[in-house]
Amino acid sequence: LKQAGRAAGNANPTVEIPQSIEFKGKTYDYDKLLGGGGDGIAFLMKDKEGNKIVVKAPVYGDLKAFNEEVNTTIKSEVKTHLSAMGDGNDNVLEMKGMIRNKDKIFTVTEFAKGGELNDVVDLVKKAPISDENKDLLKLIMMKDAVQGLQHVQTERNMSHYDVKPKNFFVGE
């Protein structure tokens, strides 16, 4: 197991990251740390064929504090995300499920190859293209983000209470 926490931008000491996991009949190996927030860290896992998933591990200062109440919270997060997805939408990140590993529950999502929206916008700003093309790319990303929110709010009758660029991801 790897230890992570401060490297993910979290002040809490550590979370254990498994070197490999079993998910839906395949073995995925740890590839790299993607980042983290107040409630967990995300890391990339790959199978032998190169298929990628993102696994989110909860971060707690005292790993013994991980209990059934936390498990219930994570299960609720997965159910909420699955409900927000509905039958799927190109602009909503796919929740693939969860993994229970010993006393931990990890959430599993699709891998958004482009990364976080704010990082992509920074790249576009620095790109050697015309300002008109930069604006066009930013508008396309904004349109996709709004369409994803529209799906969640209008079609799924839900609200997203943590709307910020860091919580939006770019596919290809």
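Bear in mind the structure is a predicted one, so any value in this text is a computation, not a measurement.

> Explanation requested: the layout of surface pockets in the structure shown.
The computed volume of the second largest pocket comes to approximately 210 Å³. Together, 13 residues line the second largest pocket, and Leu117, Lys138, Met141, Met142 and Ala145 are the ones closest to its centre. Contributions of two or more residues to the lining of the second largest pocket are made by α2 (117-126) and α3 (131-155). Considering each element in turn, the lining of the second largest pocket owes the most residues, seven residues, to α3. Residues of the lining of the second largest pocket, tallied by class, amount to eleven nonpolar, no polar and two charged.

> It is not clear to me how α2 should be interpreted in this structure. Could you clarify?
Side chains that are three or four residues apart share a direction in an α-helix, a result of its 3.6 residues per turn. Buried residues of α2: Leu117, Val120 and Val124, and no others. Down the axis of α2, the buried side of the element spans an arc of 65°, and every buried residue falls inside it. In α2, those exposed residues whose orientation departs by more than 90 degrees from the buried face are Leu123 and Lys126. Buried-residue contacts for α2 involve β9 (115-116), α3 and β10 (169-170).

> Please explain the environment of Val78 as it appears in this structure.
Along the chain, Val78 turns up in helix α1 (residues 68-85). Overall, Val78 belongs to the buried group, its relative accessible area being 4%. Excluding residues within four positions of it along the chain, Val78 makes contact with Met95, Gly97, Met98 and Thr107.

About the thresholds
- Residues numbered from 1 in each chain as written.
- Predicted model: local features only at pLDDT ≥ 70, side-chain atom pairs only at ≥ 80, totals over all residues.
- Heavy atoms only, no water.
- 1 Å grid on protein atoms, 1.4 Å probe; cavity = no way out; pocket = protein on both sides within 12 Å on 5 of 7 lines; lining within 4 Å.
- Points joined across faces, edges and corners; volume = space filled by probe spheres on them.
- Helix = DSSP H or I, 4+ residues; strand = E, 2+ residues; numbered from the N terminus.
- Nonpolar A, V, L, I, M, F, W, Y, C, P; charged D, E, K, R; others polar.
- Buried < 20%, exposed > 50% of the residue type's maximum accessible area, 1.4 Å probe, protein only.
- Arc of directions from axis to C-beta.
- Contact = heavy atoms within 4.5 Å.

Purely geometric numbers; function is a separate question.
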